Amino acid sequence: MSSNSLKWLWEDLNSHSLVEEIEDDYLNTINDDDSYTSSDSNYNIDCTLLIKDNKIEEKLNEYVDDINENIPEIFPESYTKTSNIEKLILFCAENFIEQFKVKYPNRRPLVLIPKNECGVQKCVCTTIKPSRLVYSDLIEMTSYSQFVAKHIKYIKLSDPLSLPDKIVSPATTLKTQTANSFELAVLLVSFLIGCGYNAFVVYGYATDIVCNNDLKKIKIDLPKEPIDEHVLESESEENVIDDPYAVEPMIDLCNDYVNFLMEEEKNKDVVNDEIKEIEFDNFSDPLFGKRVHAWVVVMPLETEDDKYILEAPYFIEPSSGERKEIFDENYIGIEVVWNHNNYWVNLQPLEGGCAQYNFTLTNTKYWESFLSDKLRSAQKGNFKNLEMPNSWVTVIDVPVNKYYMLYPNGSKTVQYMNAIKEFYADYVMPNGLIERTTFYIEPQYLNKIFIQEKYKNRVDKLICIDTKYAVEGTETIEYFRPGRNDYLKKHKFYGDCYNIETARLFTFYNLRLDSIAEIKINQDSFIITYNDRSDLLFWHLCIFYRTKNNGSQNINDKRKPKCIVEKYLRNESKQKDLDIATITFSLEDNSIYVQYQYGEGQITQSSRLFEKPTYSSIQNEKFNPKSVTEDIVYPYIGSLKTHEAYIMLQDMIETEKNAIINVTKLENNVIQMLETRSRERSEFKLKINSLDWDRNHRIRKLLQDKKDKKKKIAVKDSIVSSIRDKIIKHFRQSTKNQFIRLKQLFDMKKNKLFALTKSLESNNAESRDRNLILCSSLKNELNIMTLKLKRYKESRIKRYNNLATYINSNPDYEKLSPLELCDH
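Residues numbered from 1 in each chain as written. Predicted model: local features only at pLDDT ≥ 70, side-chain atom pairs only at ≥ 80, totals over all residues. Heavy atoms only, no water.

Draft legend 1. How the structure looks around the overall build of the protein. When helices and strands are tallied, the protein shows 17 helices and 25 strands. Relative to its 824 residues, the protein shows a buried fraction of 38%. Taking the contacts inside the protein whose residues are at least 6 apart along the sequence as the reference set, 57% of them involve residues at least 24 apart. Of the accessible surface of the protein, which amounts to about 49800 Å², a share of 53% is contributed by carbon and sulfur atoms. (Helix = DSSP H or I, 4+ residues; strand = E, 2+ residues; numbered from the N terminus. Buried < 20%, exposed > 50% of the residue type's maximum accessible area, 1.4 Å probe, protein only. Contact = heavy atoms within 4.5 Å. Areas by Shrake-Rupley, 256 points an atom, 1.4 Å probe, with all protein chains shown as cover.)

Written as structure tokens, this is what we have:
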């Protein structure tokens with residue numbers, strides 16, 4: 001019964017049955033607390049599996065690896081057995097192979113019924129499993145091709161002239177992440193067919209570069225800047241400043257036809273060079289034209305309105321994920337093609353390249369199919385055709401952790417003729433590195449000349465670092481995406497990055513409040529370029545005094561300015577002789593030189609030279625008119641009067657003070673940026689999406705802690721409620737027992753009084769007198785007990801209300817609903 005129900009206060013008074021004493025006191029709830037602590041500790045231990053712990057993960061991985069090594073892999077029944085329809089297909093395939101050998105004795109054997117990973121013969125068409133993965137970035141051909149090339153490690157055939165002994169299923173390929181060309185092609189075709197492409201596996205012959213995936217014979221060009229060139233061009237056009245001294249570009253006197261001929265001649269030269277290089281490679285390869293290889297061909301898919309989505313077929317190389325045209329000379333010939341429905345043998349010449357082939361598979365003049373085409377069978381009136389059974393391969397799936405790793409073990413290295421590329425999955429490298437390309441000038445990868453590093457998920461918005469090595473020194477360029485507090489876009493420096501005198505260039509996005517577009521720092525000066533300032537300042541130069549510790553200046557060492565130059569754009573609201581073009585503050589010569597804007601038809605500028613007063617002249621408080629020298633183009637304007645020259649000199653001196661303050665602020669800004677970059681290089685941090693549950697261990701721990709806290713509170717509330725119920729139950733039982741004991745005593749004395757009353761009828765006077773005294777005493781006791789019973793009934797409600805009020809006011813029970821009070 002609930003502790004909030006008050007009916008028991010009245011029910012116990014009407015009950016006369018004996019009730020057993022309470023066995024457990026509410027103070028024994030300590031045992032319940034112990035059990036709660038034990039369960040809570042076990043719960044915390046289970047939660048640690050959700051928190052990143054390298055030691056636990058390493059031990060767990062070792063344990064799992066040992067289990068995987070000792071326990072043999074269990075394959076589904078479809079891998080180890082053949083169904084009736086598969087047996088029929090195997091029988092027809094063996095018959096087809098024998099007929100092919102008789103008809104074409106000089107042709108290579110057909111790869112039609114190879115063994116799978118369990119040693120069971122399966123038709124190669126049923127090895128294809130049309131599938132799609134659930135990841136949002138895998139949507140079309142390019143994404144799946146790149147995924148297969150990155151996720152699977154390519155292994156060349158042990159014998160380049162022979163077919164593989166077995167072809168494993170795509171599911172096993174994804175599990176082991178290793179495959180030869182045939183297994184890679186089957187996996188990629190499974191994905192492409194699942195995406196709706198008319199894709200086929202091709203078995204034929206290719207060059208050693210393709211068969212061995214040997215990229216050491218390929219020379220790649222130095223990468224360009226990771227910023228879009230069109231964006232740079234548009235920005236450069238917007239930032240062009242009308243310079244009256246700019247030299248106009250020379251007129252191009254070549255007409256379009258001459259340019260067309262020159263471009264065509266260049267293309268001819270390039271084609272001839274490529275042909276010579278290929279002929280040289282083919283001559284050096286004794287197995288040219290004999291190396292077995294498998295790749296993918298995508299053919300036009302006919303729609304319902306008899307139109308083709310593609311105009312011509314093209315190849316895809318699964319080992320690299322690149323699209324190749326059918327006239328690519330690395331692909332020499334085709335033996336057969338197949339998909340999940342049928343198998344076609346090429347009847348066309350195997351030499352001369354693939355561009356000569358007719359890829360109309362329904363044309364029996366060029367292709368011989370394993371199973372009869374439905375169109376031809378319908379024309380012959382035979383509708384009982386044998387169809388290819390469903391694939392025996394299980395569902396193709398890639399776990400999330402493996403998909404995020406992207407490459408086998410999270411990294412991949414590709415070697416080219418002049419470079420080495422290193423690829424890393426996201427968050428594998430602690431600094432966010434996802435790709436590094438190192439270029440060399442000499443063979444055997446000696447004397448590196450350029451390194452490009454690409455980054456991702458960096459908190460400092462770093463996306464790329466280009467490092468060029470030359471005799472003059474090392475040039476480093478850092479590129480950033482928008483979002484930094486300093487709006488830094490590009491940082492270019494030479495040599496030591498920690499020296500403020502190092503030649504460097506800062507480029508900013510057009511979002512800074514001070515409109516700084518570029519800061520160029522040299523050994524003893526810096527130049528600042530502005531965009532769209534309200535005061536029309538667009539160029540700023542500051543030259544510093546040379547320091548004694550030249551070449552070892554620290555980042556936070558400030559320098560003293562020697563000369564400051566400011567350039568302004570034309571302000572059409574002012575007269576040309578009052579509109580300042582250039583101000584030169586020569587702190588060394590103690591002078592200020594002002595040049596004004598050009599007027600219409602002018603080839604010279606008006607100017608004024610201000611000689612600042614020395615300390616002694618300031619003490620004398622006399623102004624020397626000769627301290628202002630004027631060079632006015634139009635004399636009719638007239639020279640400045642003495643008081644005007646004085647006021648203008650004072651304004652120039654105030655302007656110089658502001659210029660010095662601005663230089664100090666700019667230098668502090670540069671120092672702050674250098675310190676920030678120095679800290680970001682040493683203490684790099686990666687940004688993790690708060691919704692990424694697998695990687696965001698901090699958010700996951702916070703959510704788990706919050707969940708644990710809620711559960712602890714719920715358990716605590718349950719325990720507190722249980723304790724309160726036990727208190728109320730103990731009060732109820734104790735008060736009930738008191739009432740029952742008092743009533744039992746009352747009945748016992750009542751019965752005794754009834755017995756003594758009967759004994760009064762005896763004739764013994766002495767015994768009767770004694771019994772009268774006892775009866776009188778018992779009667780008084782019964783009267784007292786009757787009063788106690790009445791008082792007990794009245795005080796019981798008051799005692800309960802006092803207990804309920806105390807419990808409701810106790811802070812341990814404040815989160816529970818308060819107990820009801822009795823009004824009777």
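Draft legend 2. Highlighting empty space enclosed by the protein. What the rule picks out here adds up to 1 cavity of 30 Å³ or more. In terms of lining, the largest cavity is formed by Glu86, Ile89, Leu90, Lys122, Cys123 and Thr126. Of the residues that constitute the lining of the largest cavity, the class distribution is 3 nonpolar, 1 polar and 2 charged. (1 Å grid on protein atoms, 1.4 Å probe; cavity = no way out; pocket = protein on both sides within 12 Å on 5 of 7 lines; lining within 4 Å. Points joined across faces, edges and corners; volume = space filled by probe spheres on them. Nonpolar A, V, L, I, M, F, W, Y, C, P; charged D, E, K, R; others polar.)

Draft legend 3. Layout of the packing of helix H6 (residues 141-151) against helix H8 (residues 181-194). Axis separation between H6 and H8 bottoms out at 10 Å; the angle between their running directions is 150°. The angle between H6 and H8 places the two elements in the roughly antiparallel class. The way H6 lies across H8 gives a crossing that is right-handed. Each of Met141, Tyr144, Ser145, Phe147 and Val148 in H6 lies in contact with H8, whose residues at this interface are Leu184, Leu187, Leu188, Phe191 and Leu192. Grouping the amino acids of the contact of H6 with H8 by side-chain chemistry returns 9 nonpolar, 1 polar and no charged. (Axes fitted to C-alpha atoms, helices over the stretch in contact; angles between N-to-C directions. Parallel < 35°, antiparallel > 145°, perpendicular 65-115°, else oblique. Left-handed = near helix turned anticlockwise from the far one by under 90°.)

Draft legend 4. Representation of the packing of helix H16 (residues 697-759) against helix H17 (residues 765-809). Packing of H16 against H17 leaves a shortest axis separation of 9 Å and a crossing angle of 170°. As judged from the angle between their axes, H16 and H17 are roughly antiparallel. Here the contact of H16 with H17 is composed, by residue class, of 19 nonpolar, 6 polar and 11 charged.

Draft legend 5. Summary view of unusual backbone geometry. With a phi close to 65°, Asn457 is a non-glycine residue in the positive phi region. Tracing the backbone shows Asn457 in the loop between strand S13 (446-455) and strand S14 (462-469). Of note in this structure, Asp532 is not a glycine but carries a positive phi near 55°. Note on placement: Asp532 falls in the loop between strand S19 (525-530) and strand S20 (537-544). Under the relative-accessibility criterion, Asp532 is labelled exposed at 79%.

Draft legend 6. Geometry of a nonpolar patch on the surface. On the surface, a cluster of nonpolar side chains totalling about 280 Å² of accessible area is made up of Ile85, Leu88 and Phe91. Residue class for Leu88 comes out partly exposed when judged on its relative accessible area of 39%. (Patch = residues over 30% accessible without salt bridge, like charges linked within 9 Å, V, L, I, M, F, W, Y side chains within 5 Å. Salt bridge = Lys/Arg side-chain N within 4 Å of Asp/Glu carboxyl O.)

Draft legend 7. Fine view of the nonpolar core. By size, the foremost hydrophobic cluster in this structure holds 79 residues, and its most contacted members are Leu112, Ile334, Trp338 and Tyr343. Beyond its immediate chain neighbours, meaning those up to four positions away, Leu112 contacts Ala93, Phe96, Ile97, Lys122, Cys123, Val124, Tyr343 and Phe370. One finds Tyr455, Leu488, Val628 and Met673 within the second-largest nonpolar core, a separate group that totals 39 residues. (Core = buried A, V, L, I, M, F, W, Y, C linked by side-chain atoms within 4.5 Å.)

Draft legend 8. The arrangement of the packing of aromatic side chains in detail. For the coordinates displayed, the defined rule picks out 25 aromatic pairs. Centroid distance Tyr357 to Phe359: 6.3 Å. Interplanar angle 75°. Geometry classified as edge-to-face. Its relative accessible area of 7% is what places Tyr357 among the buried residues. Overall, the relative accessible area of 12% leaves Phe359 in the buried class. We note Arg512 situated over the ring of Phe508; from NZ or CZ to the ring centre the distance is 4.5 Å. (Phe/Tyr/Trp six-rings, centres within 6.5 Å; stacked < 30°, edge-to-face > 60°. Lys NZ or Arg CZ within 6 Å of the ring centre and 35° of its normal.)

Draft legend 9. Representation of H6. By the criterion of burial, H6 is predominantly enclosed, with 8 of the 11 residues buried. Residues of H6 that are buried include every one of Met141, Ser143, Tyr144, Ser145, Phe147, Val148, Ala149 and His151, and no others. The backbone nitrogen of Thr142 lies 2.7 Å from a side-chain oxygen of the residue at the head of H6, namely Glu140. (Polar contact = N/O pair within 3.5 Å; in protein donor to acceptor, adjacent residues only side chain to side chain.)

Draft legend 10. Molecular detail of the pairing of strand S11 (residues 419-424). Within S11, 5 of the 6 residues are buried, which leaves the element mostly enclosed by the surrounding structure. Examined bridge by bridge, strand S10 (residues 411-415) and S11 share 5 bridges and lie antiparallel to one another. Its bridge partner lying in S11, Lys412 is registered against Phe423. What sits between S10 and S11 in their antiparallel hairpin is a turn of 3 residues. (Pairing = 2+ DSSP bridges.)

Draft legend 11. Representation of the pattern of salt bridges within the structure. In the structure shown here, the tally under the stated rule is 28 salt bridges. With its nearest N and O atoms 3.1 Å apart, the salt bridge here joins Glu453 to Arg436. Of this pair, Glu453 sits in strand S13 while Arg436 sits in strand S12 (residues 433-442), and the two are 17 residues apart along the sequence. Between Glu630 and Arg608 there is a salt bridge, with the nearest N and O atoms lying 3.0 Å from each other. Here the residue Glu630 occupies a position in strand S25 (residues 628-631), and Arg608 occupies one in strand S24 (residues 607-611), the gap between them amounting to 22 residues.

Draft legend 12. Spatial organisation of the environment of Ile583. Summarising the element assignment, Ile583 is placed in strand S22 (residues 580-586). Taking the C-alpha atoms as reference, Ile583 lies 9.7 Å from Thr655; in sequence the two are 72 residues apart.

Draft legend 13. Spatial organisation of the pairing of S22. In terms of burial, S22 is largely enclosed, as 5 of its 7 residues are buried. The sheet contact formed by strand S21 (residues 561-568) and S22 spans 5 bridges and is antiparallel. Bridge assignment links Ile564 to a residue of S22, and that residue is Phe585. The pairing of S22 with strand S23 (residues 591-596) spans 6 bridges and is antiparallel. Bridging from a neighbouring strand, Thr582 pairs with Gln595 of S23. Once S22 ends, the chain turns through 4 residues before running back antiparallel as S23, passing Asn590 with a positive phi of about 60°.

Draft legend 14. A look at the environment of Ile727. With respect to the secondary-structure elements, Ile727 resides in helix H16. Ile727 sits in the buried class, given a relative accessible area of 14%. Each C-alpha atom, one on Ile727 and one on Leu803, is 9.4 Å from the other, the two residues being 76 residues apart in sequence.

Draft legend 15. Inspection of the sheet that holds strand S7 (residues 331-338) at higher detail. The antiparallel open sheet is built from 7 strands, whose spatial order is S6-S5-S4-S3-S7-S8-S9. Edge strands, defined here as strands with exactly one partner in the open sheet, are strand S6 (322-325) and strand S9 (367-369). Sheet twist, expressed as the mean angle between neighbouring strand axes with direction ignored, is 40°. In this sheet, S7 lies alongside strand S3 (residues 199-206) in antiparallel orientation, the contact comprising 6 bridges. Residue Val201 lies in a different strand from S7, and its bridge partner there is Trp338.

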